[in-house]
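# Geometric and topological summary
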Amino acid sequence: VAALFIRQYLIEPYKIPTGSMAPTLRGIHRDIRCPGCKTVYETGCEDASEFGEFPASDGRNEASCPTCGTRVLVGSAPLRRGDKILANKLVYLLRSPRRWEVVVFHYAAENKTYIKRLAGLPGEKLEIRHGDLYINDRITQRPPEVLDAMRVRVYDLDRDAPAVSGERWRYDPGGVRREGRSYLVTSSAWTDLSYLGEIRDWLCYNDWSKASDSRLVPVGDLRVTLECEVPAGAGVGCEIREDDHVFRWTLGEGGKGFEHDLRIVPERRSPLPLLAPGRHRLVFSNIDDVQTLDVDGREVLRTAMPSTEAEGTPASGVRVLGHGGLRVLGLVIERDSAYSQEGVGGQGRPILVPPGRYFFLGDNSLISKDSRKWSTWNATGYAASSTVAEADIQGRAFLAIGHLDWPWAVPYSELTCKWIR
């Protein structure tokens, strides 16, 4: 009786078969260890639930390493259960749902239960532009915990294996020298390491999504983390490109501070603090039209310089700048999750959320079945069938248990969980 009361009114467990919320939540997947660079990653089995939790064949033959791109056969890789989550069913009896919460709801048109992230509130106008969500014609700026959950690692110097994947950076050999898993900038003048190729919204979890897929778009919302040794008289910096705009930070000897725009016009400069000689951890970020710089865990710059989303050609790029003996010891590039314009976004129309209804998006936008793809239009532009009534919202996901594959845990964890998509 107590268990029934808890499930009905307080907390209910669910299990997730698909990767529509990856990388935040995982569905049934395989754990892969790359034979080249030894990176451990996951590739999803999106159709597994149609055949039972552990199908004899899940249709996945190969997977691509996110670090070096090595293709591997997945048939012998361990097949894992999807995450289990607990949903708080009481919270929305006490207050209304809030944007960016991960929510379990019933979609009446399909008579199925889904788990997605709440994006649009009643009465709002939504648009997807270049991977970003705009509400009432203003870009939405997500809180740090949501950014952390949706961030995808693109490159890690500690995992770089040039012998396997080739050199990932272009630089002048006369001014930069690679020494094992570090770079030494020997030039006395400013020089750079340029990341080869564009950064696109490819996700290793989606085995089908190769970097050449036409649906993948460049992502300029990036975060670059730099571990470096800065001797006296040296300089260090970073440059991030988003479409036709360039954001550049330079510190140390000869540094000009923060500069914006391709023209690097003086009136768009912002000063940066002096950088003492020694080892530093620098984090450069351009996400949701907000540019920041953290130095050794302390934010020293935050500015908002919107790009013109309707103009220019989609593009992305990263350059690391330096001179005077700078040594790059660690280098990580992470991208933001980009919302696909498939469905309602691809039709180029704003979404008007009716009163008393909510609009949901999956974090793994390329494969997620959510409000974008449920849309139907009428003369006023409202897409009521793509939204969810407040009465159909069942709870807020507040705890992910993970895939419990220990023999003693499996029977208990599978006992009462419901499937959600």
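A quick note: this is a predicted structure, and the numbers were derived from the prediction, not measured.

Here the focus is the nonpolar core. The nonpolar side chains of soluble globular proteins are, as a tendency, buried together. Counting 37 residues, the largest nonpolar core has Trp169, Leu226, Val236, Trp249, Leu331 and Ile333 as the members making the most contacts within it. Membership of the second largest hydrophobic core comes to 15 residues, among which are Cys34, Cys65, Val72 and Val74.

Evaluation of the coordinates by the stated rule reveals 30 salt bridges. Arg200 is the partner of Glu198 in a salt bridge, and the nearest nitrogen-oxygen pair spans 3.8 Å. Looking at Glu198, the relative accessible area reads 38%, which means it is partly exposed. Ionic pairing is found between Glu299 and Arg302, a salt bridge with its closest N-O pair at 3.0 Å. Arg302 sits in the exposed class, given a relative accessible area of 54%. Ionic contacts of the salt-bridge type, sharing partners, join the residues Lys125, Glu127, Arg129 and Asp137 into one network.

With that settled, consider the confidence of the model for the protein chain. Do not read the predicted coordinates in detail wherever pLDDT is low. The pLDDT averaged across the protein chain works out to 83; a share of 81% of its residues lies at or above 70. Across residues 406-416, confidence stays below pLDDT 50; counting only partners more than four residues off in sequence or on other chains, it has twelve contacts.

So, about the packing of aromatic side chains. Applying the stated criterion across every chain yields a total of twelve aromatic pairs. Judged by centre distance (4.3 Å) and plane angle (20°), the ring pair of Phe105 and Phe360 falls under stacked. With Phe105 in strand β8 (residues 102-107) and Phe360 in strand β28 (residues 357-361), the pair connects residues that are 255 residues apart, well separated along the chain. Arranged with centres 5.5 Å apart and planes meeting at 80°, the rings of Tyr155 and Trp169 form a pair that is edge-to-face. In this pair, Tyr155 is assigned in strand β13 (residues 152-156) and Trp169 in strand β14 (residues 169-171), connecting sequence segments 14 residues apart. Each member of the pair, Tyr155 as well as Trp169, is classed as buried. Through a chain of ring-to-ring contacts, three or more aromatic side chains come together here, namely Phe105, Tyr107, Tyr114, Phe360 and Trp374. The lysine or arginine in question, Arg129, covers the ring of Tyr134, its NZ or CZ lying 4.2 Å from the ring centre.

In this section: the side chain of Arg142. Inspection of the secondary structure puts Arg142 in the loop between β12 (138-139) and α3 (144-150). For Arg142, a relative accessible area of 8% translates into the label buried. A distance of 2.8 Å separates polar atoms of two side chains, one belonging to Arg142 and the other to Asp288. In this structure the side chain of Arg142 is engaged in a polar contact, spanning 2.3 Å, whose partner is the side chain of Asp336.

Another point: a positive patch on the surface. A grouping of Arg33, Lys38, Arg159 and Arg181 is seen on the molecular surface, where their side chains present a positively charged patch. In this fold, Lys38 is placed in the loop between β2 (29-33) and β3 (40-44). Classification of Lys38 as partly exposed rests on a relative accessible area of 39%.

To continue, consider the sheet that holds strand β25 (residues 316-323). One open sheet holds the six strands; their spatial order is β14-β17-β25-β19-β20-β21, and the pairing between them is antiparallel. At either end of the open sheet lies a strand with only one pairing partner, and these are β14 and β21 (257-260). On average, adjacent strands in this sheet sit at an angle of 15° to one another, irrespective of strand direction. Across four bridges, strand β17 (residues 191-195) lies against β25 in antiparallel orientation. Counterpart to Leu193 in the pairing with β25 is Val320.

Cut-offs used in this document
Residues numbered from 1 in each chain as written. Predicted model: local features only at pLDDT ≥ 70, side-chain atom pairs only at ≥ 80, totals over all residues. Heavy atoms only, no water. Core = buried A, V, L, I, M, F, W, Y, C linked by side-chain atoms within 4.5 Å. Buried < 20%, exposed > 50% of the residue type's maximum accessible area, 1.4 Å probe, protein only. Salt bridge = Lys/Arg side-chain N within 4 Å of Asp/Glu carboxyl O. pLDDT = per-residue confidence, 0-100. Contact = heavy atoms within 4.5 Å. Phe/Tyr/Trp six-rings, centres within 6.5 Å; stacked < 30°, edge-to-face > 60°. Helix = DSSP H or I, 4+ residues; strand = E, 2+ residues; numbered from the N terminus. Lys NZ or Arg CZ within 6 Å of the ring centre and 35° of its normal. Polar contact = N/O pair within 3.5 Å; in protein donor to acceptor, adjacent residues only side chain to side chain. Patch = residues over 30% accessible without salt bridge, like charges linked within 9 Å, V, L, I, M, F, W, Y side chains within 5 Å. Areas by Shrake-Rupley, 256 points an atom, 1.4 Å probe, with all protein chains shown as cover. Lys, Arg positive; Asp, Glu negative; His and termini not counted. Charge placed at Lys NZ, Arg CZ, Asp CG, Glu CD. Pairing = 2+ DSSP bridges. Axes fitted to C-alpha atoms, helices over the stretch in contact; angles between N-to-C directions.

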